[in-house]
Amino acid sequence: MLLRKTKTYGSSIGHQVLTKTINQKLEGGLIIKLPFYFYIVILLFLLTFLINFFYVTKNYSFVFDNILKQSIKFTFFQAILSTIISIILGFILSICLYLSNFKRKIITTFLNFFFIAPVLFISYGVIFIHGSDGLLQNIFQFINLNFSYTFFGIIGIIYVTSYFNIALSANYFFRKLTNIPENYLKLMSANKISLYVALTRCLKPVVLNNLSILITMVLIFCISNFTIIYIFASSPLLTTIEMAIYQKISFEANISEAVIYGFLQTVIIILILIPTLKLRNNFQMITLKVSENYRIYQSNLFSSFFLIIFFLYFFSPCLVVIKGLYNFNIDLLFSKNTILSFLYSLIIAFSSLCIALMIAISSLFMARRLHENNSYLSNYVILSIFIISFVPSISLSAILFMINVHLNFILPNFLIVAFINSFLLTPLIFLFLFPKFMENNKFEKLRVLQFNISAVNRFTRIDFLKIKKELIVVSSSCFVLSMGDLTSITLFNSSSFKTVPYLISQLYSSYRYNDAFFILAIFVLFIISFLYMVNSLVYKNVKIR
Amino acid sequence: MLPLSLVSKEQLNILTYDSFTSEWGPGPSIQKSFEEICDCQVNWTTADSSGALLSRVKLTDNKEGFDIILGIDDSLMSEAKDTNLFSPHALSSSDLAKLNIDWDNETFVPFDYGYFSFIYNSSKLDNPPKSFDELTNRNDIRIIIMDPRTSTPGLGLAKWIYQLKGEQSKDFWKSLQDQIVITAKSWSDGYGLFLEGEGDAVLSYTTSPAYHAIAETDENYKAMLFQDGHAEQIEVLGMLKSAPNKKLAQKFISFAISKGFQDHIPLGNWMYPVIDGLEGSSDFYKYAPMPISLDRVYASKKDKDLWIEYWSSSID
């Protein structure tokens, strides 16, 4: 009895000490926080500039004009439609892949690739297959089938926008499915529960947890489809806000209206998404589980059929690479123009990645620190990271262009493009590293306080090792995304400064289709080789089913 | 030690549209010819279209220090002049008299011109229409045009229709709507889609068939020649008031209407040169015969807004 009392007393004291320790606030780590503070200063600077635009704009009648109304309507119509399609089809694809016998590493590698594939590559690939003179129409003609259709317009826009986002959604759900705990699966197997019942009832919370973050990301990507709209919009009625901004800047020299258009888009997105931007306590893993998993469900006729359809959907545009390689042109490959474009693409990708990594890691550190200190400000850190991705990059480009004009062009164009790209990459890196970064944070906090571990030591000795693999994967994806971007470069290019996507679009616009496809093929092969090398590095010595 | 003059050559900064200075455009050859006579260095900066050139200097107030803008067209001239960013060209009337087009503008100098037309592939389309009315009656012809708000050929079509139809333009645009399959953002996008088979005809220039015939040895591409006439487009260059090197800019403007520059226009920019008697251009004229020309119109902002209004009201 006495022993029991002592034990209870001891445990109570232990609990009090533990609670006291947990409630103790963590401090230090200024050097890690610096990039985040720098980012906040930039945000405030941009905001000041924005307020100035509002101040100098005297006439707001353009806010009520038909062009803007039509742009807003179409922007959100196509984005919401693409988001719904992407998430539903992504979910179906993830189940088909989960049931298939393909290796997980291969599945995620391909899904990653389809998500980050250059927009120009997929767009031209889709035209190559579905264009009026495309492969399919030629096959129809060959078999005397009188069936013609056009892919330009809303169909093409939704088809290509969904392409990337189905891959993103499928990757997300697939990772969720592979992380279903083994004991769940065993329990369902013992009770002979079908996959449909399991997904709709038992596993619903596991699969749908944090779905709002996926919706946020997909919606943002669907709204920022400037290049796709530029290529596939067949009518002036199919205009998005980004396209209207581009028109205001490039043809009307009206930066104020362009910036206010961008501000309107940002406000609308925030209003739609703000309820979803909450820091969740349950950090459901979305990283890939690489160990052997317990399997109870097998593929069936339906899943195999859908898988074939998805396979055709994703791989058919890639045929354009064969067309490109068929038009091999060694002179063009080693021309000054091509080499410079590759060089600039690499410089921009590397610079934007470095900037984005610094800001993302710093903000992760800030968010976790505030969360661990039970501060409500942690949600605002997340909001601040996401908010910049709500601003159309073409609007952001316009603001930075004008800032550079005021600074007498002190900033080189490549640096501005790198900055703009980095602002869009930061939320991606943040989101991808977030679960790993937060893993065991309560336990870690205890140890940090007990052993008086400094913030820098915690970051370098614990965090870095924890996120190393994810960091390499997300960095390589962001590197490729930045290399393939064709938004801000449309404003900042010059005869001496262009990137590979810009060179491709330039060749394509100058009748040189074969050369454009050739450079496109080389570019895609470069990206595939790069991703392959990174993958080999990450999964080296890891045994995967 | 090198003489200082060799080390620091005078610089001429020209802002132009993208395709002009690309390695397959006339820019590199013109640069070479001019540098041979000026002992200077020509630096090109590009914007992606003719409309974007004017926007850029307007936005920056030419803080980027360009000497010359090359490539805005006659529809933008009045707007460009109103910016007060340009200086008079200082060419004498005898210099201008050498041109094969009438020209009396004091600020801008023409360097090439063309006529808008619809291009078709004669191996796929028989019996092309000979007028706009005939075109609207041919429901089998799908056409690709450009957005007049973002493309000068698009605006050119709006002007062309207005010149022929006047107040009836809106009705005419409406009758044309069913045949328009794509309204592209720029000429190059629209033309690319036409070559990919997305339309039976595309808005372009009467000179476009010359490119296919000479550069690609494909004589199937032809321009629809309308009996009621074709609207004209003139591309011009102008010197900026805040040009850092006015003397050199003036020299380049004189050079632009000389043989050294004009020689590269027909087979480089695929437009009509502004002087006659160029060697080697007979083939070009063979495949790009002059059409019936409508009267030249120098558009004001109000005119342009009206043409665009007729077009946009037909698609609401």
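Just above sits the structure.
Scoring rules and cut-offs
- Residues numbered from 1 in each chain as written.
- Chains lettered and ligands numbered in written order.
- Predicted model: local features only at pLDDT ≥ 70, side-chain atom pairs only at ≥ 80, totals over all residues.
- Heavy atoms only, no water.
- Patch = residues over 30% accessible without salt bridge, like charges linked within 9 Å, V, L, I, M, F, W, Y side chains within 5 Å.
- Areas by Shrake-Rupley, 256 points an atom, 1.4 Å probe, with all protein chains shown as cover.
- Salt bridge = Lys/Arg side-chain N within 4 Å of Asp/Glu carboxyl O.
- Helix = DSSP H or I, 4+ residues; strand = E, 2+ residues; numbered from the N terminus.
- Axes fitted to C-alpha atoms, helices over the stretch in contact; angles between N-to-C directions.
- Parallel < 35°, antiparallel > 145°, perpendicular 65-115°, else oblique.
- Left-handed = near helix turned anticlockwise from the far one by under 90°.
- Contact = heavy atoms within 4.5 Å.
- Nonpolar A, V, L, I, M, F, W, Y, C, P; charged D, E, K, R; others polar.
- Buried area = accessible area lost by both parts, 1.4 Å probe.
- Buried < 20%, exposed > 50% of the residue type's maximum accessible area, 1.4 Å probe, protein only.

A.B. asks: Would you mind going over a nonpolar patch on the surface with me for this structure?
C.D. replies: Residue and element names in this part refer to chain A. Together, Leu-135, Ile-139, Phe-142, Ile-143, Leu-145, Phe-147, Leu-319 and Ile-322 give the surface a local cluster of nonpolar side chains, amounting to about 800 Å² of exposed area. Sorting elements by how many residues they give to the nonpolar patch places helix H6 (residues 135-142) first, with three residues. Note that Phe-147 resides in the loop between H6 and helix H7 (154-178).

A.B. asks: Where do I start with the packing of helix H9 (residues 169-177) of chain B against helix H15 (residues 301-315) of chain B in this structure?
C.D. replies: Each packed pair of helices is defined by two parameters, the angle between the axes and the distance between the axes. Residue and element names in this part refer to chain B. Two elements in contact, H9 and H15, have axes whose closest approach is 8 Å; the angle formed by their N-to-C orientations is 45°. Our classification of the angle between H9 and H15 gives oblique. In this structure, H9 crosses over H15, and the sense of that crossing is right-handed. Packed against H9, whose contacting residues are Ser-169, Lys-170, Trp-173, Lys-174 and Gln-177, the element H15 presents Tyr-310, Trp-311, Ser-313, Ser-314 and Ile-315 at the interface. Within the contact of H9 with H15, the residues separate by chemical class into four nonpolar, four polar and two charged.

A.B. asks: Help me understand the interface of chain A and chain B in this model?
C.D. replies: Many authors give the size of an interface as the accessible area that is lost as the parts come together. Chain A puts 42 residues into the contact, and the matching count from chain B is 39 residues. Carbon and sulfur atoms supply 54% of the area that chain A and chain B bury against each other, a total of about 3900 Å² over both sides. When the area that chain A buries against chain B is broken down by residue, the three leading residues are Pro-236, Phe-251 and Tyr-511 of chain A, summing to 19%. Taken together, the connections running from chain A to chain B amount to zero salt bridges.

A.B. asks: Explain the pattern of salt bridges to me, please; I cannot follow it from the model alone.
C.D. replies: Between side chains of opposite charge, pairing is possible as soon as their charged atoms come close. All names here are of chain B. This model, assessed by the stated rule, comprises 20 salt bridges over all chains. The partner of Lys-304 in a salt bridge is Glu-79, with the nearest N and O atoms 2.5 Å apart. Taken together, the positions of Lys-304 in helix H15 and Glu-79 in helix H5 (residues 74-82) put the pair 225 residues apart, joining distant regions of the chain. Note that Asp-95 is salt-bridged to Lys-98, the shortest N-O span being 3.8 Å. In this structure Lys-98 comes out as exposed when scored by relative accessible area, which is 58%.

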